[in-house]
Amino acid sequence: MSTPNAVPVSLAEIARIAGVGRAAVSNWRRRHDSFPSRIGGTDVSPQFSLSEVEQWLRDHGKLDDVGGRELLWPRFEALGTRDESGLAIAEAARRMRSPRSRTAGAGLTAPAVDLVGDAARLGRAEGQRETFEFLLQRWLDTHVRQLSTTPPALASLMARLALGTRTGHDEGGLTVFDPACGTGHLVAAAAEEYSGPDLALLGCEKDTALAALASARLGFTTEGRDVRAEIATADALRDDPFAGLRADVALCNPPFNERDWGYEELATDQRWTHGLPPRTEPELAWVQHLVAHLRPGGAAVVVLPPAVASRKAGRRIRGSLLRTGLLRAVVALPPGCAQPHSVSLQLWVLRTAGEGAAAGPVTQDALLVDATRFGRPGARESGPDWEALSSFVLGAVTELDRPGAKLPEGAVRVPLLDLLDDEVDVTPGRYTASGTETSGVELAASWDELSGALGELTQLTQLLSKLDFEQGESRTAVTVGDLVKAGALTLRAGQQPTGSVRGEGVPLLSVPDLLMDGTPSGAVATDVEHTVAEEGDVVVAGVVRAFRAWVHQGPPLALGPQLYVLRMDPEKLDADFLAGCLRAPANGRQAGTHASSSSRVDIRRLQVLQLPLEEQAVYAETFRRLSAFQELLTQAHGLSTGLIDDVRDRLAAGGLTG
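Values in this document were obtained by computation on a predicted structure and should not be read as measured data.

Enquirer: What's the story with the overall build of the protein in this structure? I'm lost.
Expert: Regarding its fold elements, the protein presents 21 helices and 22 strands. Here the protein holds 658 residues, and the buried ones make up 48% of them. Put simply, 73% of the contacts in the protein that link residues at least 6 apart link residues at least 24 apart. Summing over all exposed atoms, the protein offers an accessible surface of approximately 31500 Å²; the carbon and sulfur share of this is 50%.

Shown next as structure tokens:
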């Protein structure tokens, strides 16, 4: 059924192109015989020809307000490999900025070269930088499981920390260095934060596609400024292309847990002035690499996993960094700041001694900052409260060179004698937890937040308590099995994944994940057919101990065993109405096969009220309110529990005035 040379697009991609919901596209497909035929995929996840879809949308007046970028992206995705699509985007950016250039980038196929030309022309028509950033972001989103990027807010915070920490600010300009720059988030952030003259942005990246994209990004970031920007393609630890460089600022988000970082061949390297990094401590190799490239008074900020602060193998190097005054501060970030999102990453702030009188004595303490409280519970992917987090961290580190200054709550100066024990543990929470008490301002904010949640609960309580139910009269119900037979919905069961995932994958949700925090813990390969829930589908957990049903929101989600996806006809069933009926506890008990919590629920036996679509809308709105009521109860419970603990701590510390 597939068509040679056709660019395939899914229903979700068609919806993005047309700027509508996926349900609208399903309606078009059913109601219009002229809608393009499927060229691939499956009945549940069909694929269509991009050119045919574009023509159909134009013929039916559904592309009037849509730019060409959405039509362009599927062609990049169809190039196949991550590297070729990335190199093509970088080459398109170069063509946008140099229209007369016709030299194709290395490694590009003929279709990629043609696509580069089309992208460059579109960029010049619709905005060069905007078009490049759109394509880059879509590329990063597509390959998110293969790449680790630094979010813009974190990159900006790191740049501001480094610029504010360096000493000996002279008029010789600024040199910024990142030895593992990826697509250039950190050096680009430094360029945005620095407005002075004579700026040099130097980066290194061993991945060819990433290096090309970083170079393209800097081309737009520094446009109109006299800036030297250079991205070298090399392994910075093994083959340093900037040997001898002394930078004012070094920023880095290095690869974590890499065992093959060059331990054997670099054993006698002169950069290891604080000790040979153990094979299991590659992050400390990157730290010393940064320090080796700093000029006197230069500052480095590096993202590290929390274990680097306490692992036994690295204590000798940590001790040396502290004794020489290089490690000036450690900041514990809340989960969700960067990949991996479930981990509370740390920022290490390092600074070399200045020259002459500016050198001064080695400071006999280190600043430890615990900023984990600025996370947003249950929203790891969306990140923390960046404005509050950045203000707090910058405010604490600003006091770095003022020993007598009062530090904000959550920051503490720790004498070297206390740090240089048998463990040399520089984890901030170890030193800030016992002495940190919630401030009056924070308590007031927490009370306000709880009051707001309780206010919303009160409003929903008033609405829900007024629900009136008819006595002695029951409505007709149908089973899921009947709805499947009638064509009102399709039902597919999740599967156990086979084999390992190589490269890009689709997140996989399992029943154990639901019993934990609902975050997918696995993935399935995109080239393997699997049961996938798309936005607007209803997902049901078919086991008693985890029984629930919800409308899926967000990107595609693969489902494991005992999970089911229901895709309804939007002209017959409302998604929220369907999910609300299915998740009724009595419904699950009636459809359960046994009494134990591990027994299965027969999804086909679950019952749904038989109502016209317009009446379903009323029920759907009430179901949504009930779900919001449940979420607010959970939120209020967490807030009240935290408040009780904070107030008890304050009371136990004394100082009550009334």
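There's plenty left to go through after this.
Enquirer: Any chance you could explain the packing of aromatic side chains here in plain terms?
Expert: Working definition: an aromatic ring pair is given by the centre-to-centre distance plus the angle between the planes. As enumerated under the stated definition, the model contains ten aromatic pairs in all. Here the aromatic rings of Phe 35 and Trp 56 are separated by 5.0 Å at their centres, their planes lie at 70°, and the arrangement is edge-to-face. Separated by 21 residues along the polypeptide, Phe 35 in the loop between helix H2 (22-31) and strand S2 (40-41) and Trp 56 in helix H3 (residues 50-59) bring together distant segments of the chain. Looking at Phe 35, the relative accessible area reads 6%, which means it is buried.

Enquirer: Can you walk me through the pattern of salt bridges in this structure?
Expert: Charged atoms that come close allow side chains of opposite charge to pair. Applying the stated criterion to the full structure yields 31 salt bridges. In this structure, Arg 311 and Glu 281 form a salt bridge, with 2.6 Å as the shortest nitrogen-oxygen distance. In this pair, Arg 311 is assigned in the loop between strand S8 (294-304) and helix H12 (315-323) and Glu 281 in the loop between strand S7 (247-252) and helix H11 (282-292), connecting sequence segments 30 residues apart. Classification of Arg 311 as partly exposed rests on a relative accessible area of 23%.

Enquirer: Help me understand the environment of Val 9, please; the structure alone is not making it clear to me.
Expert: Within the fold, Val 9 resides in strand S1 (residues 8-10). Taking relative accessible area as the criterion, Val 9 reaches 1% and is therefore assigned buried. Distance from Val 9 to Arg 38, taken between C-alpha atoms, is 9.8 Å for residues 29 residues apart in sequence. Other than its neighbours up to four places away in sequence, Val 9 contacts Ile 14, Pro 46, Gln 47, Phe 48, Ser 49, Leu 50, Val 53 and Pro 74.

Enquirer: I keep staring at the nonpolar core and nothing clicks. Help me out?
Expert: Soluble, globular proteins show a tendency: their nonpolar side chains are buried together. Within the largest apolar cluster, 51 residues are counted, with the highest numbers of intra-cluster contacts made by Val 176, Leu 251, Leu 347 and Val 393. By residue number, the principal contributor to this core is helix H8 (residues 152-165), which donates eight residues. In this structure, Leu 347 is in contact with Leu 154, Leu 157, Met 158, Leu 161, Val 301, Val 302, Val 303, Ala 329, Val 330, Val 331 and Leu 333, ignoring residues within four places of it in sequence. Ala 234, Ala 285, Val 287 and Leu 350 belong to the second largest nonpolar core, which has 44 residues in total.

Enquirer: Explain the pairing of strand S21 (residues 563-568) here, please?
Expert: Successive residues of a regular strand alternate their side chains across the two faces of the sheet. With six of its six residues buried, S21 lies for the most part within the structure. Both faces of S21 are covered, namely the face carrying Leu 563, Val 565 and Arg 567 and the face carrying Tyr 564, Leu 566 and Met 568. Two strands pair when backbone bridges link them, and strand S14 (residues 489-493) and S21 are joined in this way by five bridges, in the antiparallel orientation. Bridging across to S21, Leu 491 finds its partner in Leu 566. The pairing of strand S18 (residues 538-541) with S21 spans four bridges and is antiparallel. In the strand pairing of S21, Val 540 is matched with Tyr 564.

Enquirer: Even after reading the chapter, I still don't get helix H1 (residues 11-18), so can you show me in this structure?
Expert: For an α-helix, 3.6 residues make a turn, and residues three or four places apart therefore share a direction. With six of eight residues buried, H1 is to be regarded as a mostly interior element. Of the positions making up H1, those classed as buried are Leu 11, Glu 13, Ile 14, Ala 15, Ile 17 and Ala 18. Elements in contact with the buried residues of H1: S1, H2, strand S3 (46-49), H3 and helix H4 (69-77). Phi turns positive one or two residues past the end of H1, at Gly 19, with a value near 70°.

Enquirer: What should I look at first to understand the environment of Leu 174 in this one?
Expert: Counting through the fold element by element, Leu 174 comes out in strand S4 (residues 174-178). Here Leu 174 falls in the buried class, since its relative accessible area comes to 1%. Along the backbone, Leu 174 and Val 249 are 75 residues apart, and their C-alpha atoms lie at a distance of 7.7 Å. Non-local contacts of Leu 174, meaning those with residues more than four positions away in its chain, are made with Leu 163, Arg 166, Tyr 194, Pro 197, Asp 198, Leu 199, Ala 200, Asp 248 and Val 249.

Enquirer: Quick question: what am I supposed to make of helix H13 (residues 386-398) here?
Expert: Relative to the 18 Å expected for 13 residues at 1.5 Å per residue, H13 spans 18 Å between its end C-alpha atoms, a close match to the ideal helical length. Those residues of H13 lying buried are Trp 386, Leu 389, Ser 390, Phe 392, Val 393, Leu 394, Ala 396 and Val 397. Elements that come into contact with the buried residues of H13 comprise H8, strand S9 (327-332), strand S11 (365-370) and strand S12 (411-415).

Enquirer: Would you take a moment to explain the sheet that holds S12 for this structure?
Expert: Sheet strands associate in pairs through backbone hydrogen bonding, adopting either a parallel or an antiparallel arrangement. Taken in spatial order, the nine strands line up as S6-S5-S4-S7-S8-S10-S9-S11-S12 in an open sheet, and their pairing is mixed. The strands lining the two open edges of the sheet, one partner per strand, are strand S6 (227-232) and S12. Strand-to-strand twist in this sheet, taken as the mean axis angle between neighbours without regard to direction, amounts to 15°. The pairing of strand S5 (residues 199-204) with S6 spans six bridges and is parallel. The residue bridging Leu 202 from the neighbouring strand is Glu 230, located in S6. On the sheet, helix H10 (residues 208-221) packs against S5 and S6 and is oriented at approximately 170° with respect to S6.

Enquirer: Sorry, what's going on with the sheet that holds S14 here?
Expert: The antiparallel open sheet is built from four strands, whose spatial order is S14-S21-S18-S19. Two strands lie at the open edges of the sheet, namely S14 and strand S19 (548-551), each paired on one side alone. Taking the axes of each pair of neighbouring strands and ignoring which way they run, one obtains an average angle of 20° across the sheet. Here helix H19 (residues 575-582) sits on the sheet and contacts S14, S18, S19 and S21; the angle it forms with S19, its principal contact strand, is near 175°.

Enquirer: Help me understand the packing of H19 against helix H21 (residues 613-652), please; the structure alone is not making it clear to me.
Expert: Angle between the axes and distance between the axes: these two values describe a pair of packed helices. Closest axis-to-axis distance for the H19/H21 pair is 8 Å, and the angle between their directions is 65°. Of the two possible hands of crossing, H19 and H21 adopt the one that is left-handed. Residues Asp 576, Phe 577, Gly 580 and Cys 581 of H19 form the contact with H21, whose own contacting residues are Gln 616, Tyr 619, Ala 620, Phe 623 and Arg 624. Of the residues contributing to the contact of H19 with H21, the split by class is five nonpolar, two polar and two charged.

Enquirer: Could you clarify how one ought to interpret the environment of Glu 265 in this entry?
Expert: Counting through the fold element by element, Glu 265 comes out in the loop between S7 and H11. Owing to a relative accessible area of 48%, Glu 265 belongs among the partly exposed residues under this scheme. Each C-alpha atom, one on Glu 265 and one on Arg 238, is 8.0 Å from the other, the two residues being 27 residues apart in sequence. In terms of polar contacts, Glu 265 uses its side chain to reach the side chain of Arg 238, at 2.6 Å.

Calculation notes
Residues numbered from 1 in each chain as written. Predicted model: local features only at pLDDT ≥ 70, side-chain atom pairs only at ≥ 80, totals over all residues. Heavy atoms only, no water. Helix = DSSP H or I, 4+ residues; strand = E, 2+ residues; numbered from the N terminus. Buried < 20%, exposed > 50% of the residue type's maximum accessible area, 1.4 Å probe, protein only. Contact = heavy atoms within 4.5 Å. Areas by Shrake-Rupley, 256 points an atom, 1.4 Å probe, with all protein chains shown as cover. Phe/Tyr/Trp six-rings, centres within 6.5 Å; stacked < 30°, edge-to-face > 60°. Salt bridge = Lys/Arg side-chain N within 4 Å of Asp/Glu carboxyl O. Core = buried A, V, L, I, M, F, W, Y, C linked by side-chain atoms within 4.5 Å. Pairing = 2+ DSSP bridges. Expected span 1.5 Å × (residues − 1). Axes fitted to C-alpha atoms, helices over the stretch in contact; angles between N-to-C directions. Left-handed = near helix turned anticlockwise from the far one by under 90°. Nonpolar A, V, L, I, M, F, W, Y, C, P; charged D, E, K, R; others polar. Polar contact = N/O pair within 3.5 Å; in protein donor to acceptor, adjacent residues only side chain to side chain.

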